[in-house]
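Breakdown of the fold
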Amino acid sequence: MDIAIITNNRLKLAFLAFIACMGTVFGQGNSKFRVVLDPGHGSQDTGASYHGFKEKDIVLSVALKVGKLLEKEGVQVIYTRKTDVFIELDERCNIANKAEADLFVSIHCNGETKKTAYGAETYVMGTAKNASHLEVAKKENSVISFEADKTRYEGFDPAKPETIIGLTLLNEQSAFQSIDLAIKIQDGFNRSLKRKDRGVKQAPFWVLHRTAMPSVLIELGFISYQQEGQYLSSDAGQDEIAEAIAKSIMDYKKEYFIAGDVSYTDTRDDEDLKPAPKISTPKAAAAPKVAAAPKKGESFRIQIATGGKDLALKPSNFKGLKNVTKDKSSSTIRYFYGETTDREQADKLLAEAKAKGYRDAFIVAF
């Protein structure tokens, strides 16, 4: 699926037709439509910086404005940060996955040394066959250099497409919704604001790779281009951009969201929204809580993967694991390894799954 250099109109023909034929929506049973807004960078990580404009400040201001507009429409908004603090890339994903959000929207600004490029572009997860797309991903992924523990990113190399091939199972189901949202955002920038449309593109961004829901990364424009930097840093410009993004999200909500009964409370300190506690895995659907001991009729299974592809239950499809089952009751298929009524045995099954390479596997109680 290569959309790196396809225009928005061609994207619509290629992907919206697919979505229309799916017959299902991507939903997690949330009582409210739940959106995670991720202002990039923060604190010592300023992001792009030109002409006195700092990416970290602009994207935070825009994210807060988008959030206020969405909240007025009844959307539950979760921020990865609300002040000038540094949040690790992996933690941004953990926040979204723990919230079991319906959308993840990461907001950034662009910059380049020639200081001539301008316009907005929106990215979805994928390989980058265009060198400029790869450079954008490398720049945003370079946040890792500010982190003390880099071991969690071992094996992730955006310069090597083969490192993200294994992500297909997890992300394929949400890829089409991500593309549709990205198209809506770019159309809003182009039609409503008459801004230069640099299109919808693919690139290997860590925050898109690790989130288990439809996700996009918006590059609002180039602060290296002084005129655009002035627009992006102005209250008027930020208000216009925020309104366009919020409208695109609401349009997406109307198409895909069906309210359920799953609620969520953000327990983080609202003053600075420090990183939330680590969670073991990104989840594409809400899972029942695991009890310390099984209740009557309760059993444990190990969820090893989710996706839209209906795989045959043979060991070769699951790294040699036998006794794999699947749940096709929703649009996202869930794959499980083993089943037991004994919690200690469930822990052993979990260890076996992780030893086979399913490091994000987790126990689910039925």
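Analysis parameters
- Residues numbered from 1 in each chain as written.
- Predicted model: local features only at pLDDT ≥ 70, side-chain atom pairs only at ≥ 80, totals over all residues.
- Heavy atoms only, no water.
- UniProt positions renumbered as here; feature names shortened; annotations may be inferred.
- Salt bridge = Lys/Arg side-chain N within 4 Å of Asp/Glu carboxyl O.
- Helix = DSSP H or I, 4+ residues; strand = E, 2+ residues; numbered from the N terminus.
- Buried < 20%, exposed > 50% of the residue type's maximum accessible area, 1.4 Å probe, protein only.
- Pairing = 2+ DSSP bridges.
- Axes fitted to C-alpha atoms, helices over the stretch in contact; angles between N-to-C directions.
- Contact = heavy atoms within 4.5 Å.
- Phe/Tyr/Trp six-rings, centres within 6.5 Å; stacked < 30°, edge-to-face > 60°.
- Lys NZ or Arg CZ within 6 Å of the ring centre and 35° of its normal.
- Polar contact = N/O pair within 3.5 Å; in protein donor to acceptor, adjacent residues only side chain to side chain.
- Expected span 1.5 Å × (residues − 1).
- Core = buried A, V, L, I, M, F, W, Y, C linked by side-chain atoms within 4.5 Å.
- Parallel < 35°, antiparallel > 145°, perpendicular 65-115°, else oblique.
- Left-handed = near helix turned anticlockwise from the far one by under 90°.

The name given to the chain in an unreviewed UniProt entry is N-acetylmuramoyl-L-alanine amidase, with the source organism recorded as Flavobacterium arundinis. Within the UniProt record for the chain, the comment given under Catalytic activity (unreviewed entry) is "Hydrolyzes the link between N-acetylmuramoyl residues and L-amino acid residues in certain cell-wall glycopeptides."

Throughout the structure, instances matching the rule amount to 12 salt bridges. Across the salt bridge formed by Arg-92 and Asp-38, the nearest N and O atoms sit 2.6 Å from each other. With a gap of 54 residues between them, Arg-92 in helix H3 (residues 89-99) and Asp-38 in strand S1 (residues 34-39) connect regions that are remote in the sequence. By relative accessible area, which is 1% here, Asp-38 ends up buried. Linking Arg-198 and Glu-121 is a salt bridge whose minimum nitrogen-to-oxygen distance equals 2.7 Å. Taken as a pair, Arg-198 in strand S7 (residues 197-203) and Glu-121 in strand S6 (residues 120-125) lie far apart in primary sequence, 77 residues in all.

What follows covers the sheet that holds S7. Ordered by their spatial adjacency, 6 strands build an open sheet running S4-S1-S5-S8-S6-S7, and the pairing between neighbours is mixed. Both edges of this open sheet fall to strand S4 (76-79) and S7, since each of them pairs with a single strand only. Strand-to-strand twist in this sheet, taken as the mean axis angle between neighbours without regard to direction, amounts to 25°. Its contacts with the sheet place helix H7 (residues 226-233) against strand S5 (103-110) and strand S8 (215-222), and it is angled at close to 120° to S8.

We now examine the packing of aromatic side chains. Tallied over the entire structure, the rule returns 5 aromatic pairs. On the basis of an interplanar angle of 40° and a centroid distance of 6.4 Å, the ring pair of Phe-33 and Tyr-252 is categorised as tilted. Here Tyr-252 lies in helix H8 (residues 235-256) and Phe-33 lies in the loop between helix H1 (8-22) and S1, a separation of 219 residues in the sequence. The pair formed by Phe-33 and Tyr-252 is uniform in burial state, with each residue classed as buried. Here Tyr-118 and Tyr-225 contribute two aromatic rings whose centre-to-centre distance is 5.2 Å and whose plane-to-plane angle is 25°, an arrangement assigned as stacked. Highlighted residues: Tyr-118 in the loop between S5 and S6 and Tyr-225 in the loop between S8 and H7, separated in sequence by 107 residues. Taking relative accessible area as the criterion, Tyr-118 reaches 36% and is therefore assigned partly exposed. Since its relative accessible area comes to 26%, Tyr-225 is described here as partly exposed. Aromatic rings pair up to connect Phe-33, Tyr-252, Tyr-256 and Phe-257 into one cluster. Between the NZ or CZ atom of Arg-195 and the centre of the ring of Phe-189, over which it lies, the distance is 5.8 Å.

Here we take up the environment of Ser-248. Positionally, Ser-248 belongs in helix H8. Its relative accessible area of 3% is what places Ser-248 among the buried residues. Taking the C-alpha atoms as reference points, Ser-248 and Gln-186, separated by 62 residues in sequence, lie 8.9 Å from one another. Ignoring sequence-local partners within four residues, the contact set of Ser-248 consists of Leu-181, Lys-184 and Ile-185. Within the structure, the side chain of Ser-248 is placed 2.9 Å from the backbone oxygen of Ala-244, a separation counted as a polar contact.

Our focus in this paragraph is helix H2 (residues 55-72). For H2, spanning 18 residues, the distance from its first C-alpha to its last is 26 Å, which sits close to the expected 26 Å at 1.5 Å a residue. Within H2 the residues assigned to the buried category are Glu-55, Lys-56, Ile-58, Val-59, Leu-60, Val-62, Ala-63, Val-66, Gly-67 and Leu-70.

Attention now moves to the side chain of Glu-219. Turning to its location among the elements, Glu-219 is positioned in strand S8. Among the polar contacts made by the side chain of Glu-219, one reaches the main-chain amide nitrogen of Asn-110 at a distance of 3.2 Å.

A separate point is the nonpolar core. Residues Phe-189, Leu-220 and Ile-249 are the most contacted members of the largest nonpolar core, which totals 44 residues. Broken down by secondary-structure element, the contributors of at least two residues to this core are S1, H2, S4, S5, S6, helix H5 (168-192), S8 and H8. Sorting elements by how many residues they give to this core places H8 first, with 9 residues. In contact with Ile-249, not counting residues within four places along its chain, are Phe-33, Val-35, Val-66, Leu-70, Leu-103, Val-105 and Leu-181.

At a minimum axis separation of 8 Å, H2 and H8 run at an interaxial angle of 50°. Judged on the interaxial angle alone, H8 and H2 are oblique. Every pair of crossing elements has a handedness; the one defined by H2 and H8 is right-handed. Residues Ile-58, Ser-61, Val-62, Lys-65, Val-66, Leu-69 and Leu-70 of H2 form the contact with H8, whose own contacting residues are Asp-235, Gln-238, Asp-239, Ile-241, Ala-242, Glu-243, Ile-245, Ala-246, Ile-249 and Met-250.

Turning to unusual backbone geometry, a few remarks are in order. Of note, the phi angle at Lys-194 is positive, near 60°, even though the residue is not glycine. Position of Lys-194 relative to the elements: it lies in the loop between H5 and S7. Relative accessible area serves as the criterion here: at 67%, Lys-194 is assigned to the exposed category. For Lys-319, which is not a glycine, the phi torsion comes out positive at approximately 55°. Of note, Lys-319 is situated in the loop between strand S9 (300-307) and strand S10 (324-327).

Right, let's get into H8. Between its first and last C-alpha, H8 extends 31 Å over 22 residues, near the 32 Å set by a 1.5 Å rise per residue. Residues of H8 that are buried: Gly-237, Gln-238, Ile-241, Ala-242, Ala-244, Ile-245, Ala-246, Ser-248, Ile-249, Met-250, Tyr-252 and Tyr-256.

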